[in-house]
Amino acid sequence: MRRFRTIIFLVVVCACPSVLAAGDKTTLSGTVTDALDGSPLPGVAVYLPELKIGAMTRDDGTYEINNLPRKKTVIQVTYLGHQTIIETVDLAVVSVKDFVMQEDNAMLNEVVLIGFTGNSLVSQTPAPVTVLPEQRLRESASTNIIDAIAREPGISQITTGIGISKPVIRGLGYNRVAIVNDGVRQEGQQWGDEHGVEIDANNVNSVQILKGPASLIYGSDAMAGVIVMNNAPSVADGRIEGSLSGEYQTNNGLQNYSLNLAGNHHGFVWDGRYSQKMAHDYKNRYDGRVFNSRFKEYAASGMLGLNKNWGHSHLHLSYYQINPGIIEGERDELSGKFIMPVAVDGEEDEAVYNGSKSFSLAVPYQKVMHYKAVSENAFFIGDGQLKATVGYQQNVRKEFEDVVSPGECALHLKLHTLNYNVHYLTADLSGWRVASGVNGMWQRNVNHGDEYLVPDYSLFDFGLFATATRRLGSWNMSGGLRFDNRHVSSKALEEEGTMRFEAFEKNFGGLTGSLGATCHISSCSNLKLNVSRGFRAPNISEIGSNGVHEGTLRYEVGNNRLKPETSLQLDLGYDYSSEWISVQLSLFANWINHYIYLQKMADQAGGEVIIDDVPAFTYTSGNARLWGGEVMVDIHPWEPLHFENSFSYVSAERTEGGKEGKYLPFTPAPRWNCELRYDYVSHGKLFDNLFVAFGADTYFRQNHFLALYNTETATPAYTLLNITAGTDIKLKGRKCANIVLSLNNLTDKAYQSHLSRLKYAAMNPVTGRQGVFNMGRNFVVKLSIPFGI
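Because the structure is predicted, anything quoted here is derived from the model rather than measured. Residue positions are counted from 1 within each chain, in the order its sequence is given. Totals for whole chains, interfaces and linings use all residues, but because this is a predicted model, local features are given only for residues with pLDDT of at least 70 and pairs of side-chain atoms are given and counted only at 80 or more. Note that water and hydrogens are dropped before the side-chain values are worked out from all heavy atoms of the structure.

Caption draft 1: Summary view of the sheet that holds strand β2 (residues 45-48). One requirement defines pairing of two strands: DSSP has to find at least two bridges between them. The way it works is that DSSP assigns letters per residue, a run of H or I at least four long becomes a helix, a run of E at least two long becomes a strand, and they are numbered from the N terminus. Reading across the sheet, the four strands line up as β3-β2-β5-β6 and stay open at both edges, with antiparallel pairing between neighbours. Whereas interior strands pair on both sides, the edge strands pair on one side only; in this sheet they are β3 (53-56) and β6 (85-90). Between one strand axis and the next, the sheet turns through 20° on average, direction left out of account. Note that β2 and β3 share four bridges and pair antiparallel. Its bridge partner lying in β3, Val46 is registered against Ala55. Angular values range over 0 to 180 degrees, each being the angle between N-to-C directions of two axes fitted as lines to C-alpha atoms, with helices fitted over their stretch in contact.

And the structure:
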């Protein structure tokens, strides 16, 4: 009961911000001009990240932000085609602040990181971080939010068709990557291969990716890193703004619509969005249309809150539903075409699939619903800040497999999660900033269907942490320690006299930490070094599964003798930036003890073990070593032209296991991305922020694969060519629309990603090709129409 009293106390604190007294208010105003000719710049975003408040400059370049506390804070000024300005302003003494913006070049833009332990600058953070702003996300042609970020250096995705993507950071995925949205960790049975991320991509304003163990702040499951998906900042006081956006893709007929409306009345802020997306079966040159790669998606979200000089208090509510088809890839023996289940006279039968553009669901398919309510709060106490967040999530996952009775679900899981986080961040004390607190979650999972994969269980974990940062001359140093404890209690289940799940209880504990430093060698270059220790407790599938994992074509057997994974990672980084070239180098080495992975089961003769007509797999563990890095080079020979290049490489090996078992599964292939981009920036004309980009994504041959028991095979090299163009359309100096046109896979290349699970589907008996291929040529149109009062 003690743990529940703690949670109730946190809820009461988060629900009562009015108990904290308000201090004196102040106002900040000024003018933003162009460095070239001194002309005022309209539509510039002036934002104070710590206060979650900001404004847009008017037609005359002026701005005004009211109801501000008298304290030091960071101000960020951004405008498309110009260098970002980030400064610290003391609102106790400054009420007027003007800015002069320089045209964009190859200089690395400074970015404010929004984190649990306060805001920091990318240049001062020793751990490697990637930030994707709103513009980059909107220009991306993708089918989901993970697909939108998967081209970033060091980032990949494990896919099951086009509707389901799981993030991979430097060769590690699944429960080793934590995703944060609305201020809490997203929890939705992420251990499953065919379980995607239940977040509306239209509602994501920017993304921060921390590459490397982040267990210090986020606890277990953040061993590979963290992906933070930020919502849009509150609109300026006295404004009501919105947007209507649409997207169409030719290959799979994807239709994506989203309506957003937000307002601010004297610090009372609100934001609402509704989105809908659907796609029919995609096609490629070898397979034609891939049966059951269709999906439908619905999402609604809302925010109500207060932005005051005492801090802010926001209530986030969201609902997300996706109905993806499950691709099994079975083929007709004579034609090699896909086969689909049909009902004939009340009995299940099979028919040859001849291609269809239908959006209607076909069995087998999933129905996933995710509900979330989060109370996110920050209060200024003296010169420090107290943050308190409580969130509730419910994830409902159903699988439908019977074509005769398509409305009856076989697998039905319901996961309840209560997240909590309370911590205090001190003010700057002689160059020191300290944060300390507690966070964790409570979970309960219940089976309601006729089929089972994991048992009913409950989970409670908590973590105590403390971090500190210190500025000393040209050095920025940071570090911290954390202790985690997780308790898992699983229930027994007996079926027809056979024990399906044994009851068990497990406790997992771990001590983690990090220590890093950034040296500002000069105004153009930085050197970074970071050492961190990660921790991950085994998930319920790894220690408790016993059943057929539909959509994966395997029977999974858990192992409750597994130990927690622990890691030690060393990161070394260097960046150089000038007006005509910027270079970023990030290297890492990661040693993991008790790395957990799936391995095919074998009988005494070394043959395959078959259970319920599918191969059987079990979870095992061993020590692993990963190393690699990323290099990014942006050449800017003259003002509107950029030639951007990035190369990513990771080697993931077991320290034992012999030749065939040497490499870890799902290791991304080496990748080189390049893009030649021409930006034409104008102010107040019909076409504004016009750009054209030509890109090439080259994936090198992947010979590092888990060959043991034919778990994986090598993947040949391939190159994908892309063209993107876009512009803002203005009337009378105001932006009235934004349009982006993309042509992906220009040559209609037939390829298989090494991280595509469909690569191991059934062989085509006619062509002899194994598995299902990825999407072919695709033309994308995106249109956004903003409006405001």
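From this point, the narrative continues.
Caption draft 2: Representation of the packing of aromatic side chains in the model. Each pair of aromatic rings taken from Phe, Tyr and Trp, with Trp reduced to its six-membered ring, is defined by centres within 6.5 Å and is described as stacked if the planes are under 30 degrees apart, edge-to-face if over 60, and tilted in the remaining cases. Inspection of the entire model under this criterion finds 14 aromatic pairs. Taking 5.0 Å as the distance between ring centres and 55° as the angle between the ring planes, the aromatic pair formed by Phe291 and Tyr353 counts as tilted. Taken as a pair, Phe291 in the loop between β22 (288-289) and β23 (295-308) and Tyr353 in the loop between β26 (347-352) and β27 (365-381) lie far apart in primary sequence, 62 residues in all. The exposure class of Phe291 is buried, given its relative accessible area of 10%. Here Tyr353 falls in the buried class, since its relative accessible area comes to 5%. When the centroid spacing of 6.0 Å and the interplanar angle of 55° are considered together, the rings of Trp638 and Tyr678 count as tilted. Note on classification: 1.4 Å probe, protein chains only; a residue is buried when its accessible area is under 20% of the maximum for its type, exposed when over 50%, partly exposed between these limits.

Caption draft 3: Highlighting a nonpolar patch on the surface. Only residues whose relative accessible area exceeds 30% and that take part in no salt bridge are eligible for patches, with like-charged residues grouped when within 9 Å of each other and nonpolar side chains (Val, Leu, Ile, Met, Phe, Trp, Tyr) grouped when within 5 Å. Shrake-Rupley sampling with a 1.4 Å probe provides the accessible areas, and residues are treated as covered by the protein chains on show and by no other component. By convention in these notes, a salt bridge is any Lys or Arg side-chain nitrogen within 4 Å of a carboxyl oxygen on Asp or Glu. A cluster of nonpolar side chains, Ile521, Leu527, Leu529, Val531, Leu568, Leu570, Leu572, Tyr574, Tyr576, Leu585, Leu587 and Trp591, forms an exposed patch at the surface whose accessible area comes to about 990 Å². If one sorts the elements of the nonpolar patch by residue count, strand β39 (residues 565-577) sits on top with five residues. Tracing the chain through its elements places Leu529 in strand β36 (residues 525-536).

Caption draft 4: Representation of the sheet that holds strand β13 (residues 172-173) in the model. Ordered in space as β11-β12-β13, the three strands form an open sheet in which the pairing is antiparallel. If you trace the sheet from one side to the other, it starts and ends with β11 (155-160) and β13, each paired once. Here strand β12 (residues 164-169) runs beside β13; their pairing, made up of two bridges, is antiparallel. Counted as the bridge partner of Val168 is Gly173 from β13.

Caption draft 5: Examining the pattern of salt bridges more closely. Counted under the stated rule, the structure contains 30 salt bridges. Arg331 is the partner of Asp287 in a salt bridge, and the nearest nitrogen-oxygen pair spans 2.9 Å. Taken as a pair, Asp287 in the loop between β21 (283-284) and β22 and Arg331 in the loop between β24 (311-324) and β25 (339-344) lie far apart in primary sequence, 44 residues in all. Note on Arg331: relative accessible area 9%, which makes it buried. With its nearest N and O atoms 2.9 Å apart, the salt bridge here joins Arg677 to Asp679. Residues participating in the shared-partner salt-bridge network are Arg170, Lys211, Asp571 and Glu630.

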